[in-house]
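# Structure assessment
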Amino acid sequence: AAVVLSVVCPYACTLGGDVFALAYMARDGHVHGLNGSGVAPSAATPERFADGIPRTGALSISVPGFVAGIEDLLGRLGTRKLRDLLPPAVRLAREGYPAHSQHVQNVGTRADLLAQDAEATRLFLPGGKSHAEGAPVRQPELADTLERIATGGSRAFYEGDIAAKLVAGIAAAGGIVSADDLARHRGLWQEPVAAPFVGHDIVTMPPNSYGLTLLLQLLDLEAGGIAGIDPESAEFVLRGLAARKRAYAAADGVIGDPVALDAPSRKLLADAVARGLPAATATPRESRDRCTACVVVLDASGNAVSLIQSVSAPFGSGIVAPGTGVLLNNRMPGFTTKPGHPNRVGPGKRPAHTLAPCIVMKSGRPTMAIGTPGTVGQTCTLAQVLVRMLACGQSPERAVAAPRWSVTLDGKPAVEKGMSATLRAELAAKVPELSEMSTGWITFGSVKIAMPTGDGFLGVADTRRVAAPAAL
């Protein structure tokens, strides 16, 4: 499913992007955490980016982590081989998929970026404009690359002919990812982080993921008595906004490369469980993944997966390496250039990611796999849906459909216009900087939930974006 999404949603996720996944395995009763994010190139020194990190283009590209990540996931936890799972993606790349509404919309908003790269123009702007909705989008070079990966595994992507073409394409555009950078890349297995919330354990990924801030928000909300607050009230929204602000301020110094920040982030979480969060005076700058896709799965054996993948902003860097069909990420702006900051750019470091897969556990077994895209709003979207379900007793369908609050891309409070006019007016009077955004605005996300029921499974897909449940 993840590889198919990397073909049919190239604005959100590609082979040139990254992936995080949580997988609960019934055979060992453990939640495994896969960090399939890429690292900064070896030439990515602070001095190299003294004038800032470009948001798009060749210098925004980090080493892609997705291909190694999915192979790691299957190699450790799967029952099938990668080569057996790739044919549907190969077929869709070679024969084409019908351009869906979100493909057309995203091409329209990023046409200027795509037009700067000859390969991106050829693939996504035929005749100088987006495919018409329903027209086939074909990516034959990507099909060839997928076939090579099916035969040779991830090393066929990170070494050899494909890697040489990736490096040449990036270099021709002015980038700095080297052959050694690709060849050295490996995924990272991490012990997930978890926190209690109203009788459940909420599990997510540690840094470099922002998943920690989800746990901090939930701890803060439960401590403040959120279960007794009407979820349709202004007070519910105000408490959520305040909890998010405190969580992100508290986590500002521990979201970044896991080599340095794994231990400090776990200490922060332990302190928050024991003593709560300190007051926040400001909201720090955040990583801004802006296009993401996720898959959540439960199976009859009791296994559960929450997987989330991203190329960062829509269509990433805007660069497709010639001869590969691989559109490359623009992950490097996930770093800061601020001296002394733990997320400061540097060779071989993993940048901060908003990607935050989540599994909910109770009595040692998964009760929910949940995930959402939504850039800087991912964790607060997950928090409010989990609060509605677990603390307020709402059904999954109602909790997902309910009008949502979030933040804008610069961290300012925002609510959906689908929220009642009375409630929006009450909030605006108390939060002067509040923005009102259309339902489905990017930071409100698109939640996917898979849950076991007494006699089967329940899948809920948020219609804020193209999404659907499926029973296989």
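Description of the structure in this document. Bear in mind the structure is a predicted one, so any value in this text is a computation, not a measurement.

On a plain count of helices and strands, the protein chain comes out with 17 helices and 18 strands. The C-alpha radius of gyration of the protein chain comes to 21 Å, within 12% of the 23 Å expected for a compact globule of 472 residues. For the protein chain, with 472 residues in total, the buried portion stands at 58%.

Checked against the element boundaries, Leu15 lands in the loop between α1 (2–8) and β1 (18–25). With relative accessibility at 3%, the residue Leu15 sits in the buried group. Each C-alpha atom, one on Leu15 and one on Ala1, is 13 Å from the other, the two residues being 14 residues apart in sequence.

We now examine the pattern of salt bridges. Evaluation of the coordinates by the stated rule reveals 21 salt bridges. Here Asp18 ties to Arg331 by a salt bridge, and the two come within 3.4 Å at their closest N and O atoms. Of this pair, Asp18 sits in strand β1 while Arg331 sits in the loop between β11 (326–327) and β12 (358–362), and the two are 313 residues apart along the sequence. What makes Asp18 buried here is its relative accessible area of 1%. Among the salt bridges present, the one from Arg155 reaches Glu159, with a minimum N-O distance of 3.2 Å. Look at Glu159 and you get partly exposed, because its relative accessible area is 36%. Each of the salt bridges in this network shares a partner with another, and the network as a whole consists of Arg404, Glu416, Asp462 and Arg464.

Moving on: helix α10 (residues 160–172). The end-to-end C-alpha distance of α10 is 18 Å, a good match for the 18 Å that 13 residues give at a rise of 1.5 Å each. Turning to α10, its buried residues are Ile162, Ala163, Leu166, Val167, Gly169 and Ile170. Around the axis of α10, the buried residues are gathered within 165° of arc, so they sit on the same side. For α10, exposure combined with an orientation more than 90 degrees from the buried face picks out Gly160 and Ala172. Next to the buried residues of α10 lie α8 (140–152), α9 (155–158), α11 (179–184), β10 (320–321) and β11. Looking at the residues trailing α10, positive phi occurs at Gly174, about 100°.

Another point: helix α13 (residues 234–251). Along its 18 residues, α13 runs 26 Å from first to last C-alpha, staying within 8% of the 26 Å computed at 1.5 Å per residue. All of the buried residues in α13 are Ala234, Phe236, Val237, Gly240, Leu241, Ala243, Arg244, Ala247, Tyr248 and Ala251. Buried residues in α13 make contact with α12 (211–223), α14 (258–275), α15 (378–391), β14 (405–407), β15 (413–416) and α17 (421–430).

A word on the packing of α13 against α15. Think of two packed helices as two axes; the pair is described by the angle between the axes and how far apart they sit. Packing of α13 against α15 brings their axes to within 11 Å, and their N-to-C directions diverge by 135°. Classified by the interaxial angle, the pair formed by α13 and α15 is oblique. Both α13 and α15 take part in a crossing whose hand is right-handed. Packed against α13, whose contacting residues are Phe236, Arg244 and Tyr248, the element α15 presents Thr379, Cys380, Gln384, Val387 and Arg388 at the interface. A per-class count over the contact of α13 with α15 returns four nonpolar, two polar and two charged.

The next point concerns the side chain of Ser62. Among the secondary structure elements, Ser62 is positioned in the loop between β2 (30–36) and α2 (66–77). For Ser62, a relative accessible area of 0% translates into the label buried. When neighbours within four sequence positions are excluded, Ser62 is seen to be in contact with Val39, Pro41, Val177, Asn329, Arg331 and Met332.

Of all seven residues that make up β2, six are buried, and the element is covered over most of its length. Direction of pairing for β1 relative to β2: antiparallel, over a ladder of seven bridges. Of the residues in β2, the one forming a bridge with Phe20 is Asn35. Hairpin connection, β1 to β2: the antiparallel pair is bridged by four residues, and Gly29 has positive phi, about 65°. Pairing analysis gives three bridges linking β2 to strand β5 (residues 188–190), with the strands arranged antiparallel. Residue Gly33 lies in a different strand from β5, and its bridge partner there is Gln190.

In this structure, the amide linkage connecting Pro207 to the following residue, Asn208, adopts the cis form with an omega of 20°. Positionally, Asn208 belongs in the loop between β7 (200–204) and α12. One non-glycine residue, Ser312, adopts positive backbone phi at about 85°. Topologically, Ser312 is positioned in strand β9 (residues 304–312).

With that out of the way, let us pick up the packing of aromatic side chains. Enumeration over the complete set of coordinates arrives at four aromatic pairs. The interplanar angle of 55° and the centroid separation of 5.2 Å between the aromatic rings of Phe124 and Phe315 together place this pair among those described as tilted. Within this pair, whereas Phe124 is found in helix α7 (residues 118–124), its partner Phe315 is found in the loop between β9 and β10, the two being separated by 191 residues in sequence. Overall, the relative accessible area of 0% leaves Phe315 in the buried class. With a centroid separation of 5.4 Å and 20° between ring planes, the pair formed by Tyr210 and Tyr248 is classed as stacked. Of this pair, Tyr210 sits in the loop between β7 and α12 while Tyr248 sits in helix α13, and the two are 38 residues apart along the sequence. Tyr248 matches Tyr210 in its accessibility class, with the two residues each being buried. An aromatic cluster of three or more residues is present, and its members are Tyr11, Phe124 and Phe315. The ring of Trp189 carries Arg76 above its face, with NZ or CZ at 4.2 Å from the centroid. Positioned above the aromatic ring of Tyr248, the side-chain terminus of Arg244 is 3.9 Å from the ring centre.

Parameters at a glance
- Residues numbered from 1 in each chain as written.
- Predicted model: local features only at pLDDT ≥ 70, side-chain atom pairs only at ≥ 80, totals over all residues.
- Heavy atoms only, no water.
- Helix = DSSP H or I, 4+ residues; strand = E, 2+ residues; numbered from the N terminus.
- Rg over C-alpha atoms; globule rule 2.2 N^0.38 Å.
- Buried < 20%, exposed > 50% of the residue type's maximum accessible area, 1.4 Å probe, protein only.
- Salt bridge = Lys/Arg side-chain N within 4 Å of Asp/Glu carboxyl O.
- Expected span 1.5 Å × (residues − 1).
- Arc of directions from axis to C-beta.
- Contact = heavy atoms within 4.5 Å.
- Axes fitted to C-alpha atoms, helices over the stretch in contact; angles between N-to-C directions.
- Parallel < 35°, antiparallel > 145°, perpendicular 65-115°, else oblique.
- Left-handed = near helix turned anticlockwise from the far one by under 90°.
- Nonpolar A, V, L, I, M, F, W, Y, C, P; charged D, E, K, R; others polar.
- Pairing = 2+ DSSP bridges.
- Phe/Tyr/Trp six-rings, centres within 6.5 Å; stacked < 30°, edge-to-face > 60°.
- Lys NZ or Arg CZ within 6 Å of the ring centre and 35° of its normal.

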